[in-house]
Amino acid sequence: MNRTCSVCILGLFISSLIAQAAQAAAAEPKRGGIVTLGVTRDISVMNPLVDTGSTQKRIRDLMFEPLLAIDLKGNLQPALAEGWEVSKDGKLYIMRLRKGVKFHNGQEMTAEDAKFAIDYSMNEKNGARGFAELSIVDRAEARDKYTLNIYLKRSAPGFKYALARIETFSVIPKESVAEGMKNPNRFPPGTGPFKFVEWQPEQRIVFERFPDYWGHKAYVDRAILRIIGDTMVGFTALRSGDIDMTERAPYEWIKEIRDGRVKGIGFAESRYSAGRAIEFNVADPPFNNKKLRLAVAHAIDRKEILQAAYFGFGEPSDQVYPRGHKWYFEGVPSPAYDLNKARALLKEAGYKGEEIEMLGSMGGTQELEIVTVQAQLKKIGMNIKIRMAERGANVQMRRKGQYAFKLSGDPGVNPNPVDLYLPIHACESDPRNRNQNESGYCDKEVDALLRSAAAEHDENQLRALMRKVVTRLQEDAPIVNIGHTSRFFALRDHVKGFTTAYDGEFVWDGGGLNRTWLDK
C-alpha cells in the first residue's frame, strides 16, 4: 500500500457521484414513466419491523425510513429527525422530529408514531429485527408532538448509529400493525419516496411515486421490482429490454460493458459493498507465531487478488475501512508488500516447508481468491493446501477453531467502529466455542481499549482509542485486510441519474431510484 498517496479514493468516489448528479441535472430530468429493476430476491413478509436484512432492507428503503441517515464518509445526518441531543450522562437521547412529514395515507408523522415503532420492536412477542439493538432502551416517551425522548438503561455512545438503520426500526403510524402479526396482508404506510401498490410473490413488487414525500420526490411515476433469481437471466432480460436495470450484475459482464463490448448498457457501482481479508487462527500452531502471520502479510499482493477474483473491481485496503472514510486512520503503519521481508520473517518463524491448510467456502469468488493467495505464498516458500468446504461445515470449523487460516469477508462498512471491531477482536472465554471472534485473538490491551471505546461519547477521544486499536492490530496481524469489493447495477442507457452507496442501496441519502429518470 502506497502510504504517500495523496489521492483520497473515497473522495473520488463521492466526487463521481456528485458529477453524475450534476450531469443528470444538466440534462434536465424528465418526470413520468415506469422504471423496472430486476432483483435477485423477493420479500418474505409485509411487517417492516420484522424482517429487514439484505435485499429485504434495500426494498423497504423505498417505503420506510429511520430517524437518522449516514453519509458516505460515515457521518450521521438528519432524516425523519432533523436534530438530536444526548444528555451528559449518555442515557437520554432527545430526537427532534421533522415537522410536516406525511405517511403514505396522508397522516402526519408525530412522536407518538416513533414511540409506537420502538415499543413494538422492544416487545419480544413481535419477533422484531431490532429487538436486540433496542434491548439497551428503558423506555420511549413522546414529550410533545415533535419531540421523542429515548431513555437508555445505561450509557451507550454507539446507540445513535442504531437510529440510522431501518433494521432497528422504521417509523410507521401508531397501531398500524397488530401485536404478534408477522405477516399482515399489506404493508403499513411509510414515509419514504415510494408508496406500496402490490406484491405478487416470486414475480414482482410495484410502487408508485409518493407526491407528498418530504425529501426529493421521485421523477418516475412507478417503480417495478421484478424477481429474477439468476443474475445471468437478469442480465439477459436487461439486454433484451424486458427490464431497465438489474442489481448484482455479474463481474464478467461489467468488464465487457467497461471495455465497450456491450452497447446501450451502462453500470452504477457500489464501491465498498463488502470487505475481504485473510484471518488466522492465532490460538493454535502454526499461526500462534506472529512472525509467520507477518510473513503472510508481507507476501500478499492485494491488487492481484482483486484482479483475479473480481476483474480488478474494488479497492485494496490495509484496514477494515476504505481510505478516506471517517474511521480509516492515515499514518498507521502496516505490513507492506515485500517478498524479501516475508522470506526473512518466514525463516525467523522457524518454518521449514510444512504443509498448512487454508480454508475457503465453496462457490462464488472464494475459489479464485484462495488459489491466488496460494500462488503468492508459494513465492516465499510456503506449502499451502486448499480446503474448500460448504458453508455449514465451514462455519462449524471456524467456530471451533478447527482451521489454520482462512479467507474472510464482512457485510460492508459499519458506521460504528466499535460495532465492527469489538465483536471480532474482544477476548472470548472458550477458544473451542467461538462466537464472532473466529480468530481466537485475545490481547488484553486491545480488549481494554475497545471496552473504553464502547463507553466513550467524545468523538476525539474515541478516535484516539480506535487509532491505538488499529495500530496494535496491524502489529499483531490476527487479520490481514485485502480490500473492499464492488457490487454493480447494470442499466440501459435511457436510465439516468441513478447512483447507489455502500451496500447496493436502491434508495439512499444522496440518491437512488427517487433521483432516477427515463430519457425515452
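Residues numbered from 1 in each chain as written. Predicted model: local features only at pLDDT ≥ 70, side-chain atom pairs only at ≥ 80, totals over all residues. Heavy atoms only, no water.

## Description of the overall build of the protein
Counting secondary structure elements, the protein contains 14 helices and 21 strands. Taking 2.2 N^0.38 as the reference for a compact globule, 520 residues should give roughly 24 Å; the C-alpha atoms of the protein span a radius of gyration of 24 Å, in line with that estimate. Taken along the three principal axes of its C-alpha coordinates, the protein extends 70 × 60 × 45 Å. Counting across all 520 residues of the protein, residues that qualify as buried make up 54%. Here the protein has roughly 21,800 Å² of accessible surface; of this, 48% comes from carbon and sulfur atoms. (Helix = DSSP H or I, 4+ residues; strand = E, 2+ residues; numbered from the N terminus. Rg over C-alpha atoms; globule rule 2.2 N^0.38 Å. Buried < 20%, exposed > 50% of the residue type's maximum accessible area, 1.4 Å probe, protein only. Areas by Shrake-Rupley, 256 points an atom, 1.4 Å probe, with all protein chains shown as cover.)

## Focus: the pattern of salt bridges
Considering all chains together, one arrives at 37 salt bridges under this definition. Between Asp-284 and Arg-432 there is a salt bridge, with its nearest N and O atoms 2.6 Å apart. Of this pair, Asp-284 sits in the loop between strand 12 (265–280) and helix 7 (290–299) while Arg-432 sits in the loop between helix 12 (417–425) and helix 13 (444–454), placing them 148 residues apart in sequence. For Arg-432, a relative accessible area of 41% puts it in the partly exposed group. (Salt bridge = Lys/Arg side-chain N within 4 Å of Asp/Glu carboxyl O.)

## Details of helix 14 (residues 459–476)
Look at helix 14: 25 Å from first C-alpha to last across 18 residues, which is about the 26 Å you get at 1.5 Å a residue. Of the surrounding elements, those touching the buried residues of helix 14 are helix 7, helix 12 and helix 13. For helix 14, the side-chain oxygen to backbone nitrogen distance between the N-cap and Asn-460 is 3.1 Å, and the N-cap itself is Asp-458. One or two positions beyond helix 14, positive phi appears at Ala-477, with a value near 55°. (Expected span 1.5 Å × (residues − 1). Contact = heavy atoms within 4.5 Å. Polar contact = N/O pair within 3.5 Å; in protein donor to acceptor, adjacent residues only side chain to side chain.)

## Description of the side chain of Asp-447
Take Asp-447: it is sitting in helix 13. Ignoring anything within four residues of it in the chain, the contact list for Asp-447 reads Ala-426 and Cys-427.

## Concerning the environment of Tyr-337
Along the polypeptide, Tyr-337 turns up in the loop between strand 13 (315–316) and helix 9 (339–348). When the C-alpha positions of Tyr-337 and Ala-295 are compared, they lie 9.9 Å apart, and in sequence the two are 42 residues distant.

## Focus: the packing of aromatic side chains
Summed over all chains, the structure comprises 19 aromatic pairs. Between Phe-235 and Trp-253, the aromatic rings sit 4.9 Å apart at their centres with planes inclined by 25°, giving stacked as the arrangement. Placement of the pair is Phe-235 in helix 5 (residues 231–240) and Trp-253 in helix 6 (residues 251–258), with a sequence separation of 18 residues. Take Phe-235: its relative accessible area is 1%, and that puts it in the buried class. Pairwise contacts between aromatic rings join Tyr-251, Phe-267, Tyr-310, Phe-313 and Phe-488 into one cluster. If you follow Arg-139 out to its NZ or CZ, it ends over the ring of Tyr-151, 3.9 Å from the centre. (Phe/Tyr/Trp six-rings, centres within 6.5 Å; stacked < 30°, edge-to-face > 60°. Lys NZ or Arg CZ within 6 Å of the ring centre and 35° of its normal.)

## Considerations on the state of the cysteines
Within this structure, the stated rule accounts for 1 disulfide. Paired through a disulfide, Cys-427 and Cys-442 show a sulfur-sulfur distance of 2.1 Å. Between Cys-427 and Cys-442 the sulfur-sulfur dihedral comes to about 95°; the bridge is accordingly right-handed. A residue pair is termed long-range when its members are at least 10 positions apart, and Cys-427 in the loop between helix 12 and helix 13 and Cys-442 in the loop between helix 12 and helix 13 qualify at 15 residues. (Disulfide = S-S within 2.5 Å.)

## Focus on the sheet that holds strand 4 (residues 81–86)
If you walk across this open sheet you meet the 4 strands as 4-5-7-6, and the pairing is antiparallel. Both edges of this open sheet fall to strand 4 and strand 6 (137–144), since each of them pairs with a single strand only. Direction aside, neighbouring strands of the sheet carry axes that sit 20° apart on average. Of the strand pairs in this sheet, strand 4 and strand 5 (residues 92–97) are connected by 5 bridges, and their pairing is antiparallel. The partner of Glu-85 across the bridge, within strand 5, is Ile-94. Along the sheet, helix 3 (residues 111–122) makes contact with strand 5, strand 6 and strand 7 (147–152), crossing strand 6 at roughly 165°. (Pairing = 2+ DSSP bridges. Axes fitted to C-alpha atoms, helices over the stretch in contact; angles between N-to-C directions.)

## Focus on helix 3
The end-to-end C-alpha distance of helix 3, which contains 12 residues, comes to 17 Å, matching closely the 16 Å that a straight helix rising 1.5 Å per residue would cover. Listing the buried residues of helix 3 in full gives Ala-111, Asp-113, Ala-114, Phe-116, Ala-117, Ile-118, Tyr-120 and Ser-121. Lining the buried residues of helix 3 we find strand 5, strand 6 and strand 7.

## Side note on unusual backbone geometry
With the exception of glycine, the majority of residues adopt a negative phi angle, and the majority of peptide bonds are in the trans configuration. Going from Pro-285 to Pro-286, the amide bond is cis rather than trans, its omega being 0°. Along the chain, Pro-286 falls in the loop between strand 12 and helix 7. In this structure, Glu-175 is a non-glycine residue whose phi angle is positive, near 65°. Within the fold, Glu-175 resides in the loop between helix 4 (159–162) and strand 8 (194–200). Non-glycine residue Arg-248 carries a positive phi angle of around 50°. Of note, Arg-248 is situated in the loop between strand 11 (245–246) and helix 6.

## Considerations on the side chain of Asn-281
Relative to the helices and strands, Asn-281 resides in the loop between strand 12 and helix 7. A polar contact of 2.9 Å, which involves the side chain of Asn-281, links it to the backbone oxygen of Tyr-403. The residues touching Asn-281, leaving out its near neighbours within four places in the chain, are Phe-287, Asn-288, Gly-401, Tyr-403, Ala-404, Arg-434 and Ser-439.

## Digging into the nonpolar core
Counting 124 residues, the largest nonpolar core has Leu-67, Phe-159 and Met-382 as its most contacted members. Core analysis: the second largest hydrophobic core is formed by 17 residues, Ala-237, Leu-238, Ile-257 and Phe-313 among them. (Core = buried A, V, L, I, M, F, W, Y, C linked by side-chain atoms within 4.5 Å.)

## Thoughts on the packing of helix 8 (residues 302–310) against helix 10 (residues 366–378)
For the pair helix 8 and helix 10, the least separation of the axes is 8 Å and the interaxial angle reads 145°. Here helix 8 runs over helix 10; the crossing is right-handed. Between helix 8 and helix 10, the contacting residues are Glu-304, Ile-305, Ala-308, Ala-309 and Tyr-310 on the first element and Leu-368, Glu-369, Thr-372, Val-373 and Gln-376 on the second. (Left-handed = near helix turned anticlockwise from the far one by under 90°.)

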